[in-house]
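# What the coordinates show
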Amino acid sequence: MFNRHTWLATKKKECYGQGIMQKNNIMVTGGAGFIGANFILKCLNERPHWNIVNLDALTYAGNPGNFLELAPDLAARHSLVHGNICDARLLDSLFTRTPFDAVIHFAAETHVDRSIGDPLGFAATNVMGACTLLEAVKKYWERRGCHEDFRFIHVSTDEVFGSLGSEGLFSESSPYDPSSPYSASKAASDHFVRAYFRTYGLPCIVSNCSNNYGPYQFPEKLIPLLILRIMEEKPLPIYGDGQNVRDWLYVADHCQALLNILDKGSPGQTYTIGGGQELSNLEVVTALCDLMDSRLNRTRARASKRLITLVKDRPGHDRRYAMDASKIRNELGWTPAHSFAQGLEATVDWYLSHQVWVDQVRSGEYHKWEKVHYKS
Ligand code: NAD
Ligand code: TYD
């Protein structure tokens, strides 16, 4: 006779045996943005039993058009809810309607330059929004008997650790030392997530990742900004002396790291994630100019490098970020699959072959930001 209890126990054992937890209903916050959309598209393809509720406020950075190419059978397992993580009533109604097995929290204001002009807006979403979400999740989790398999994954950044000198790497034990209103607000949210684990036992995990690049990134961030401006032959603004260093990671590799964390990570843990591909901003812009020129068949006389322009530095500009990802490599078996050269080619080819997406993004908020921030 079929015994549901025994079946569930066996299933759980099988899943744990493979280091994979059974999950079906996933809430993703901020899934219409860059990393969230890449994560959802990957999961709909690779996790055929998942139903994903994507809660997104659709700010300038959120784009429902990121899901237009989804095949109907995959689209049927994704629902986009237009709403704000600061809205406690909406959160309660979502958690009443669906028995979520995990929440992957991406929603945030994310651009350092914008945070300098709007620190309170960043605090509202990144701190109060995260706390409102944590509170709703805690209530839901307690109602469901504090299920040990539930997960809250908080997607955070290496910027919470501040700036490195020319030596060393950030790791899980690095002290917090944020420089910008953006990184300060992310740091605060990381602390709240850990407090919910320590105080209430909510099964939370924090990830701190380095700079991502890839398809669907809003062109205010360095790499897509440069791609669009190279297309248009506009000046390529590089802050300060161009020697600030970032540890670049292709977005698909970050999404895979998050899946490993969800499947095999332990509650209360932190994982630092990075590609080990340190480059100065001048190295990035030079590589992009060469690649774009070869894709666009530009002659030497039109070489894009002529457009590189050193401009006034960003206030509080962190000099160098670099990550030690050995914990996630050793404990969760994650390793990045893309070198910077491979990731950059995939990214450039994506932007060149998605002109409709580019035109749509360019016509809206991007255009306004470019005019105000770059005056061209
Ligand atoms: P993004 O700016 O592209 O997307 C953010 C998304 O959040 C957008 O869809 C936006 O509409 C949504 N959002 C903003 N405020 C909201 C609110 N109040 N309620 C609901 N939705 C809201 O950001 P991203 O680059 O995809 O980053 C996602 C997460 O990853 C962020 O938490 C960020 O701190 C973290 N992160 C980013 C990077 C990176 O290099 N981009 C690196 C490490 C960590
Ligand atoms: P960005 O993509 O904004 O990411 P973050 O500030 O989170 O690292 O910037 C990456 C690097 O590129 C950073 O050192 C700032 C620099 N940068 C420029 O030099 N010019 C620009 O126009 C932008 C947007 C960034």
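In case you missed it, the structure is sitting above this.
The sections below set out a description of the structure shown in this document. Keep in mind the model is a prediction, meaning the values are calculated, not measured.

Rules of the game
- Residues numbered from 1 in each chain as written.
- Chains lettered and ligands numbered in written order.
- Predicted model: local features only at pLDDT ≥ 70, side-chain atom pairs only at ≥ 80, totals over all residues.
- Heavy atoms only, no water.
- Buried < 20%, exposed > 50% of the residue type's maximum accessible area, 1.4 Å probe, protein only.
- Helix = DSSP H or I, 4+ residues; strand = E, 2+ residues; numbered from the N terminus.
- Polar contact = N/O pair within 3.5 Å; in protein donor to acceptor, adjacent residues only side chain to side chain.
- Contact = heavy atoms within 4.5 Å.
- Phe/Tyr/Trp six-rings, centres within 6.5 Å; stacked < 30°, edge-to-face > 60°.
- Lys NZ or Arg CZ within 6 Å of the ring centre and 35° of its normal.
- Near = heavy atom within 4 Å.
- Areas by Shrake-Rupley, 256 points an atom, 1.4 Å probe, with all protein chains shown as cover.
- Nonpolar A, V, L, I, M, F, W, Y, C, P; charged D, E, K, R; others polar.
- Pairing = 2+ DSSP bridges.
- 1 Å grid on protein atoms, 1.4 Å probe; cavity = no way out; pocket = protein on both sides within 12 Å on 5 of 7 lines; lining within 4 Å.
- Points joined across faces, edges and corners; volume = space filled by probe spheres on them.
- Salt bridge = Lys/Arg side-chain N within 4 Å of Asp/Glu carboxyl O.

Quick look at unusual backbone geometry now. Glycine aside, residues mostly have negative phi, and peptide bonds are mostly found in the trans state. Of note in this structure, Leu-58 is not a glycine but carries a positive phi near 50 degrees. With relative accessibility at 25%, the residue Leu-58 sits in the partly exposed group. Positive phi, normally seen in glycine, also occurs at Cys-146, with a value near 50 degrees. Tracing the sequence through the fold places Cys-146 in the loop between helix H6 (119–143) and strand S5 (151–157).

On to the side chain of His-105. Here His-105 lies in strand S4 (residues 102–105). At 2.6 Å, the side chain of His-105 and the side chain of Thr-29 are in polar contact. Each residue touching His-105, except ones within four places of it in the same chain, is listed here: Thr-29, Ile-85, Ala-130, Leu-133, Phe-152, Ile-153, His-154 and Val-155.

Moving on, we get to the environment of Pro-215. Along the chain, the position of Pro-215 falls in the loop between strand S7 (212–213) and helix H8 (222–231). In this structure Pro-215 touches Phe-34, Asn-38, Tyr-250, Val-251, Trp-350 and Tyr-351, once residues within four positions along its chain are discounted.

The geometry of two aromatic rings is summed up by the distance between their centres and the angle between their planes. With the rule as written, the count across this model stands at 17 aromatic pairs. Summarising the aromatic geometry, the rings of Tyr-213 and Phe-340 are spaced 5.3 Å apart at their centres and angled 55 degrees between planes, so their arrangement reads as tilted. Highlighted residues: Tyr-213 in strand S7 and Phe-340 in helix H12 (residues 340–353), separated in sequence by 127 residues. For Tyr-213, a relative accessible area of 1% gives the class buried. With 5.0 Å between their ring centres and 80 degrees between their planes, Trp-350 and Tyr-351 make a pair best called edge-to-face. For the pair formed by Trp-350 and Tyr-351, the shared burial category is buried. Sitting above the plane of the Tyr-60 ring, Arg-114 keeps its charged end 3.8 Å from the centroid.

The next thing to look at is the site of ligand 1. In the region of ligand 1, 28 residues are neighbours, and Ile-35, Asp-56, Thr-110, Tyr-182 and Lys-186 sit closest. A distance of 3.0 Å is found between an oxygen atom of ligand 1 and a backbone nitrogen or oxygen belonging to Thr-59. Residue Lys-186 places a side-chain N or O atom 2.6 Å away from an oxygen atom belonging to ligand 1. The protein chains hide 97% of the 840 Å² of surface that ligand 1 would expose on its own. Listed by contribution, the elements that provide at least two residues to the shell around ligand 1 are helix H2 (34–46), S5 and helix H7 (181–200). When residues in the shell around ligand 1 are grouped by element, the largest group, three residues, is from S5. Each residue belonging to the shell around ligand 1 can be placed in one class, and the counts come to 13 nonpolar, 13 polar and two charged.

Turning our eyes to something else, we now look at the site of ligand 2. Taken together, 19 residues sit near ligand 2, with Glu-159, Arg-246, Arg-314, His-317 and Tyr-374 positioned nearest. A distance of 2.4 Å separates an oxygen atom of ligand 2 from a polar atom in the side chain of Glu-159. At 3.0 Å from a nitrogen atom of ligand 2 is found a main-chain nitrogen or oxygen belonging to Pro-237. Taking 510 Å² as the accessible area of ligand 2 by itself, protein coverage stands at 97%. Among the secondary structure elements, those contributing two or more residues to the shell around ligand 2 are helix H5 (112–117), H8 and strand S8 (236–239). Ranked by residue count, the leading element in the shell around ligand 2 is S8, at three residues. By residue class, the composition of the shell around ligand 2 is eight nonpolar, five polar and six charged.

Our next topic: the pairing of S4. Here S4 shows a buried face lined by Ala-102 and Ile-104 and a second buried face lined by Val-103 and His-105. Here four bridges tie strand S1 (residues 25–29) to S4, and the two strands are oriented parallel to one another. Bridging across to S4, Met-27 finds its partner in Val-103. Across four bridges, S4 lies against S5 in parallel orientation. Directly across from Ala-102, in S5, lies its bridge partner Arg-151.

It is worth spelling out empty space enclosed by the protein at this point. A complete count under the given rule lists two cavities of 30 Å³ or more for this structure. Size it by volume and the largest cavity reaches roughly 50 Å³. What lines the largest cavity is Val-112, Glu-159, Ser-180, Ser-183, Arg-246, Arg-314, Gly-316, His-317, Asp-318 and Tyr-321. By residue class, the composition of the lining of the largest cavity is two nonpolar, four polar and four charged.

Tallied over the full model, the rule gives 21 salt bridges. A salt bridge links Lys-234 to Glu-370; the shortest N-O distance between them is 3.2 Å. In this pair, Lys-234 is assigned in the loop between H8 and S8 and Glu-370 in helix H14 (residues 365–374), connecting sequence segments 136 residues apart. A salt bridge links Asp-241 to Arg-319, with the nearest nitrogen and oxygen atoms 2.8 Å apart. Placement of the pair is Asp-241 in the loop between S8 and strand S9 (245–247) and Arg-319 in the loop between strand S13 (308–311) and helix H11 (326–332), with a sequence separation of 78 residues. A residue is classified by how much of its surface remains accessible, and Arg-319, at 38% relative accessible area, is partly exposed. A cluster of three or more residues bridged by salt bridges with shared partners is formed by Arg-229, Glu-232, Lys-234, Asp-359, Arg-362 and Glu-370.

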